[in-house]
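Here are the chains, one letter per residue:
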Amino acid sequence: MRRLSDSEGEDTAPDSRPPLRDCQGAHWKNAMGFWLLGLCNNFSYVVMLSAAHDILRHQRAPGNHSLVDPDPLPTPHNNSSRFDCNSVSTAAVLLADILPTLVIKLLAPLGLHLLPYSPRVLVSGGCAAGSFILVAFSHSVVTSLCGVVLASISSGLGEVTFLSLTAFYPRAVISWWSSGTGGAGLLGALSYLGLTQAGLSPQHTLLSMLGIPALLLASYFFLLTFPEPQDPGGSEEAERAARQPLMSSEAPEESKPDASPSLSLQERWTVFKGLLCYIIPLVLVYFAEYFINQGLFELLFFRNTSLSHAQQYRWYQMLYQAGVFVSRSSLRCCHIRFTWALALLQCLNLAFLLADVVLNFLPSIYFVFLIILYEGFLGGAAYVNTFHNIALETSDRHREFAMAAACVSDTLGISLSGLVVLPLHNFLCQLS
């Protein structure tokens, strides 16, 4: 069977070639389907991080039905600090938004494949809708954090499900999925910023986003075509053949991914060891960038600007997500095999911004804006190139497991950064 990829023109037997119009239609339906799945899956996760500053400044008076005023006064707090700190770091929201995802991703390679895809997607969509409703009508920070946990379950279950699902489609859908997740970051952060800047309360902003979970379900059940067996040939074959396989003992002919092979524990362990050269750099990239995002964004506070502290935080989140979107959509323009370089550059970013938090040497917020945009470029490039490289270097038999196993990388890095940032936040906020 021929593949629905950018190798549309490869030679196949005339009697096995489907009509060109049908093939192109299926290609674009799958491409758009995975883009929308990436967008909808990550949307609630991004919105909760964008709302983190508001959630922790939650001051609800009797009769006040909004989560927080659009431009809250800087009240809770460490007034002795130059940072205008919340009493709890936004890393608390990060941990609520990521630890359930980490648990799901750690357990997924062990048995999630036994559960059909459709029930997983339904649970993911339901949790996303529940998160928006619970946070919108919350009367306390604890209840809001429970809503954030629901967003985490939705995002984590969805990511491991849809990345595993790419094993049954042409490898090109990985690029579309990655671009969609980047779009979620940009549109999620931009919509929260724009609607709250326009004067809409965070409660009504969150309720206006309830259409996103419905779009996720519609994209999966009505837009994606039924997957066909994939031929490993095509325009990517030369690149794949030139690389060292993740399993040196892999045979040239493997069973197709739609056969859903049952891998032994030994096989899974062997594949996982081969993935470490990609997993470790991605862990480092995400550790550094979420150390910045949830540990330093709140502390990079400039008083010589017209933007309030809450508005500065939202702009940081939006610019970061804009960088992520651009780089996650860049796979067709730029392939990066050595993702270690991206990890090194992201760690240098962390060191520079941490030095500025302590020494306060950057004169303007616009320098921070540029650095954060660049930070997003590095993070998005690391994500899309990691999964593209894994898709190229794993056999069809192992690809579904490899995708599910590798998607723990970003979540592990984010979780570790949250654990480190919480005590660091308290320390830095004591600085005069």
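Refer to the structure printed above.
Since this is a predicted model, take the numbers as computed values, not measurements.

Basis of the calculations
Residues numbered from 1 in each chain as written. Predicted model: local features only at pLDDT ≥ 70, side-chain atom pairs only at ≥ 80, totals over all residues. Heavy atoms only, no water. Helix = DSSP H or I, 4+ residues; strand = E, 2+ residues; numbered from the N terminus. Buried < 20%, exposed > 50% of the residue type's maximum accessible area, 1.4 Å probe, protein only. Contact = heavy atoms within 4.5 Å. Areas by Shrake-Rupley, 256 points an atom, 1.4 Å probe, with all protein chains shown as cover. Patch = residues over 30% accessible without salt bridge, like charges linked within 9 Å, V, L, I, M, F, W, Y side chains within 5 Å. Salt bridge = Lys/Arg side-chain N within 4 Å of Asp/Glu carboxyl O. Polar contact = N/O pair within 3.5 Å; in protein donor to acceptor, adjacent residues only side chain to side chain. 1 Å grid on protein atoms, 1.4 Å probe; cavity = no way out; pocket = protein on both sides within 12 Å on 5 of 7 lines; lining within 4 Å. Points joined across faces, edges and corners; volume = space filled by probe spheres on them. Core = buried A, V, L, I, M, F, W, Y, C linked by side-chain atoms within 4.5 Å. Phe/Tyr/Trp six-rings, centres within 6.5 Å; stacked < 30°, edge-to-face > 60°. Axes fitted to C-alpha atoms, helices over the stretch in contact; angles between N-to-C directions. Parallel < 35°, antiparallel > 145°, perpendicular 65-115°, else oblique. Left-handed = near helix turned anticlockwise from the far one by under 90°. Nonpolar A, V, L, I, M, F, W, Y, C, P; charged D, E, K, R; others polar.

**A closer look at the overall build of the protein chain**
Right, on to step 1. When you go through the protein chain residue by residue, the secondary structure sums to 15 helices and 0 strands.
Right, on to step 2. Scored against the burial criterion, the 432 residues of the protein chain give a buried share of 57%.
Right, on to step 3. Look at the contacts in the protein chain between residues 6 or more apart in sequence, and 85% of them connect residues 24 or more apart.
Right, on to step 4. As displayed, the protein chain offers around 16,800 Å² of accessible surface, 69% of which is attributable to carbon and sulfur atoms.

**What to know about a nonpolar patch on the surface**
Right, on to step 1. A cluster of nonpolar residues, Val326, Leu344, Leu345, Leu348, Tyr374 and Phe377, forms a patch on the protein surface that exposes about 520 Å² of accessible area.
Right, on to step 2. Elements with a contribution of two residues or more to the nonpolar patch: helix H12 (340-359) and helix H13 (365-393).
Right, on to step 3. Here the nonpolar patch takes 3 residues from H12, the largest share from any one element.
Right, on to step 4. With a relative accessible area of 34%, Leu345 lands in the partly exposed category.

**Notes on the side chain of Glu159**
Right, on to step 1. Structurally, the position occupied by Glu159 is in helix H5 (residues 141-165).
Right, on to step 2. Within the structure, Glu159 has its side chain in polar contact with the side chain of Lys105 (distance 2.4 Å).
Right, on to step 3. Residue contacts for Glu159: discarding those within four places in its chain leaves Asn41, Lys105, Trp177, Tyr383, Cys407 and Asp410.

**Points about empty space enclosed by the protein**
Right, on to step 1. Taken as a whole and judged by the stated rule, the model has 2 cavities of 30 Å³ or more.
Right, on to step 2. Volume-wise, the largest cavity comes out at about 220 Å³.
Right, on to step 3. Taken together, 23 residues line the largest cavity, and the ones lying closest to its centre are Asn42, Tyr45, Tyr286, Tyr290 and Arg328.
Right, on to step 4. Looking at the lining of the largest cavity, the elements that each hand over two or more residues are helix H1 (20-50), helix H3 (91-111), H5, helix H6 (172-197), helix H10 (265-296), helix H11 (309-328), H13 and helix H15 (408-429).
Right, on to step 5. Looking at the lining of the largest cavity element by element, the count peaks at 4 residues for H11.

**So, the nonpolar core**
Right, on to step 1. Core analysis: the largest hydrophobic core is formed by 101 residues, its most contacted members being Leu165, Tyr316 and Phe387.
Right, on to step 2. Of the residues forming this core, the biggest block, 13 residues, is contributed by H10.
Right, on to step 3. Every residue in contact with Leu165, bar those within four places of it in the chain, is listed here: Phe34, Tyr117, Tyr220 and Leu224.

**Section: the packing of aromatic side chains**
Aromatic ring pairs are reported here in terms of the distance separating the ring centres and the angle at which the planes meet.
Right, on to step 1. For the structure shown, the criterion picks out 17 aromatic pairs.
Right, on to step 2. Arranged with centres 5.8 Å apart and planes meeting at 80 degrees, the rings of Trp28 and Trp176 form a pair that is edge-to-face. A residue pair is termed long-range when its members are at least 10 positions apart, and Trp28 in helix H1 and Trp176 in helix H6 qualify at 148 residues.
Right, on to step 3. On the basis of relative accessibility, which here comes to 51%, the residue Trp28 falls in the exposed class.
Right, on to step 4. Taking 5.6 Å as the distance between ring centres and 85 degrees as the angle between the ring planes, the aromatic pair formed by Tyr366 and Phe369 counts as edge-to-face.

**Brief notes about the environment of Tyr383**
Right, on to step 1. Within the fold, Tyr383 resides in helix H13.
Right, on to step 2. For the pair Tyr383 and Tyr286, spaced 97 residues apart in the sequence, the C-alpha separation amounts to 9.2 Å.
Right, on to step 3. Not counting residues within four places of it along the chain, the set of residues in contact with Tyr383 comprises Glu159, Leu163, Trp177, Ser178, Thr181, Leu282, Tyr286, Arg328 and Asp410.
Right, on to step 4. Of the polar contacts made by the side chain of Tyr383, one reaches the side chain of Glu159; its length is 2.9 Å.

**Focus: the side chain of Ser124**
Right, on to step 1. Mapping Ser124 onto the fold places it in helix H4 (residues 117-136).
Right, on to step 2. In this structure Ser124 touches Asn41, Ser154, Leu157 and Gly158, once residues within four positions along its chain are discounted.

**Focus on the packing of H6 against H13**
Right, on to step 1. One can describe the packing of H6 onto H13 by two numbers: an axis separation of 10 Å at closest approach and a directional angle of 160 degrees. As the angle between them shows, H6 and H13 are arranged roughly antiparallel. Crossing handedness for the pair H6 and H13: right-handed. Seen from H6, the contacting residues are Ile174, Trp177, Ser178 and Thr181; seen from H13, they are Tyr383, Val384, Phe387, His388 and Ala391.
Right, on to step 2. A per-class count over the contact of H6 with H13 returns 6 nonpolar, 3 polar and no charged.

**Points about the packing of H12 against H13**
To describe two helices that pack against each other, one gives the angle between their axes and the distance between the axes.
Right, on to step 1. It is the contact of H12 with H13, at a shortest axis distance of 10 Å, that shows an interaxial angle of 155 degrees. It follows from the interaxial angle that H12 and H13 lie roughly antiparallel. Here H12 and H13 pass one another in a crossing that is left-handed. When H12 is examined against H13, the residues Leu342, Leu345, Gln346, Asn349, Phe352 and Leu353 are found in contact with a partner set consisting of Ile371, Tyr374, Glu375, Leu378, Gly379, Ala381 and Ala382.
Right, on to step 2. A per-class count over the contact of H12 with H13 returns 9 nonpolar, 3 polar and 1 charged.

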